[in-house]
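Letter by letter, the chains look like this.
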Amino acid sequence: MLGVAYVTWHLWRITPGGWVAKLVVALLFLLWMAAAFASMLLREKASLSTITTLYELGHPWMIAFLYLLIVFILADIGVLVRLVPKDWLISNAVTMASILGVIAVVLTAGGIHYRHKYREELTVYTDKPLEKPLTVVLASDLHIGYSNRKAELGRWIDLINAEHPDIVLFCGDIVDIQLRPLVEGNFAEEFHRLTAPAFAVLGNHEYIGGEGDAERFLKDAGLGLLRDSVVQLMGITIIGRDDRSNPDRKPLSELADSLQGFSILLDHQPYHLEEAESNGIDFQFSGHTHRGQVWPISWLTDALYEKSWGHLQRGHTQYYVSSGLGIWGPKIRIGTRSEYLVLHIESQ
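Remember, it's a predicted structure, so these values are computed and weren't measured experimentally. (Residues numbered from 1 in each chain as written. Predicted model: local features only at pLDDT ≥ 70, side-chain atom pairs only at ≥ 80, totals over all residues. Heavy atoms only, no water.)

Asks: It is not clear to me how the overall build of the chain should be interpreted in this structure. Could you clarify?
Replies: When its secondary structure is counted, the chain shows 13 helices and twelve strands. Projecting the C-alpha coordinates of the chain onto the three principal axes gives extents of approximately 75 × 45 × 40 Å. Each of the 348 residues in the chain was classed as buried or not, and the buried ones make up 53%. A separation threshold of at least 6 residues defines the contact pool for the chain, and within that pool the share at least 24 residues apart is 75%. Working note: accessible area of the chain is about 15500 Å², and carbon and sulfur atoms make up 61% of it. Charged side chains in the chain number 29 positive and 38 negative. The centres of these two groups are separated by 9 Å. (Helix = DSSP H or I, 4+ residues; strand = E, 2+ residues; numbered from the N terminus. Buried < 20%, exposed > 50% of the residue type's maximum accessible area, 1.4 Å probe, protein only. Contact = heavy atoms within 4.5 Å. Areas by Shrake-Rupley, 256 points an atom, 1.4 Å probe, with all protein chains shown as cover. Lys, Arg positive; Asp, Glu negative; His and termini not counted. Charge placed at Lys NZ, Arg CZ, Asp CG, Glu CD.)

Asks: Would you mind showing me how to read the sheet that holds strand 8 (residues 262–266) here?
Replies: In spatial order, the strands read 6-7-8-9-11-10; together these six strands make up an open sheet with mixed pairing. Each having just a single partner strand, strand 6 (229–233) and strand 10 (310–314) make up the two edges of the open sheet. Across the sheet, the mean angle separating the axes of adjacent strands is 20 degrees when strand polarity is ignored. Note: strand 10 against strand 11 (residues 317–321), five bridges, orientation antiparallel. Of the residues in strand 11, the one forming a bridge with Gln313 is Gln318. (Pairing = 2+ DSSP bridges. Axes fitted to C-alpha atoms, helices over the stretch in contact; angles between N-to-C directions.)

Asks: Even after reading the chapter, I still don't get a nonpolar patch on the surface, so can you show me in this structure?
Replies: On the surface, Trp12, Trp19, Val20, Leu23, Val24, Leu27, Leu28 and Leu31 cluster together into a nonpolar patch covering about 800 Å² of accessible area. Of the residues forming the nonpolar patch, the biggest block, seven residues, is contributed by helix 2 (residues 19–41). Here Leu31 lies in helix 2. (Patch = residues over 30% accessible without salt bridge, like charges linked within 9 Å, V, L, I, M, F, W, Y side chains within 5 Å. Salt bridge = Lys/Arg side-chain N within 4 Å of Asp/Glu carboxyl O.)

Asks: Sorry, what's going on with the packing of helix 1 (residues 2–14) against helix 4 (residues 60–80) here?
Replies: Relative orientation and spacing of two packed helices are given, respectively, by the angle between their axes and the distance between those axes. Running from N to C, helix 1 and helix 4 cross one another at 70 degrees; their axes reach a closest spacing of 10 Å. As far as their axial angle goes, helix 4 and helix 1 are roughly perpendicular. Considering the relative orientation of helix 1 and helix 4, their crossing is left-handed. Residues Gly3, Val4, Tyr6, Val7, His10, Leu11 and Ile14 of helix 1 touch helix 4, and the partners they reach there are Trp61, Phe65, Leu68, Leu69, Phe72, Ile73 and Asp76. Grouping the amino acids of the contact of helix 1 with helix 4 by side-chain chemistry returns eleven nonpolar, two polar and one charged. (Parallel < 35°, antiparallel > 145°, perpendicular 65-115°, else oblique. Left-handed = near helix turned anticlockwise from the far one by under 90°. Nonpolar A, V, L, I, M, F, W, Y, C, P; charged D, E, K, R; others polar.)

Encoded structure:
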């Protein structure tokens with residue numbers, strides 16, 4: 001809350017005119033924040049339409065707050081080292097319009113950018129026997145619910161079906177915490193439109209909202225749920241690890257002790273990537289990071305993870321860490337992208 005107070009104080013100072021104008025600007029900023037928090041606090045009490053509206057209106061506040069905080073901190077540093085005149089930050093209409101205008105443009109552009117889904121394509125070659133060349137579509141972090149609603153999910157299913165995949169794999173955080181909008185909105189029927197066998201693993205958001213309810217929804221949606229389990233299909237082995245939110249999940253060595261053919265590992269959170277290499281996994285797909293969703297948080301995720309986004313190879317094991325098809329919170333991408341992976345598996 002110190003950050004909120006700091007930004008509100010700067011908005012008060014920078015707003016031109018008397019105390020009434022300053023009060024209006026400060027209250028509008030705080031009311032915007034209140035909409036963001038109300039959307040989360042009232043999820044189980046208010047109507048779906050009310051929560052959806054609060055999500056749409058309130059959640060962009062998070063990104064606006066982040067950038068206002070960065071701008072005002074840099075401005076204060078500039079004043080201290082005498083690079084920025086102090087009067088630029090006091091009752092200055094030009095400075096205020098410039099800051100708010102740039103942030104508004106950035107948020108709008110980030111919203112448009114989020115709507116575009118990037119198609120990442122990767123071909124891997126194997127000397128292990130295949131029944132035929134395979135096309136596998138993989139996606140993570142759909143976060144369907146109040147923000148990413150049924151119509152948007154339908155658009156994503158259309159994109160996946162257009163690839164004519166042999167298999168579809170979802171790598172966790174399919175549910176955005178709460179099942180209520182998915183059940184009342186019958187989101188499950190969209191997954192039934194998939195034209196290929198589909199499997200999924202749980203992510204941390206399924207655990208936050210209750211993995212039992214999430215498991216029932218995914219089964220109702222016709223997805224094969226892999227919780228520390230293995231399925232062999234079309235000559236390949238798919239290993240689905242339970243999310244690391246479960247402290248009792250099985251070690252990968254136990255799941256990989258009888259690999260047959262080309263192997264794909266689904267593990268929502270991309271920690272300890274060396275385990276896949278040491279256990280002879282051919283390809284690991286993970287998500288979770290969103291690559292920070294917006295810059296400069298992407299710098300933080302890049303520092304926290306061995307690979308926070310993209311393709312990696314360690315020894316004979318290849319990896320892809322996805323920045324996610326959907327998003328948590330505000331539907332805005334800045335410096336990152338929403339994507340799905342089209343993986344071609346071919347014989348050498």
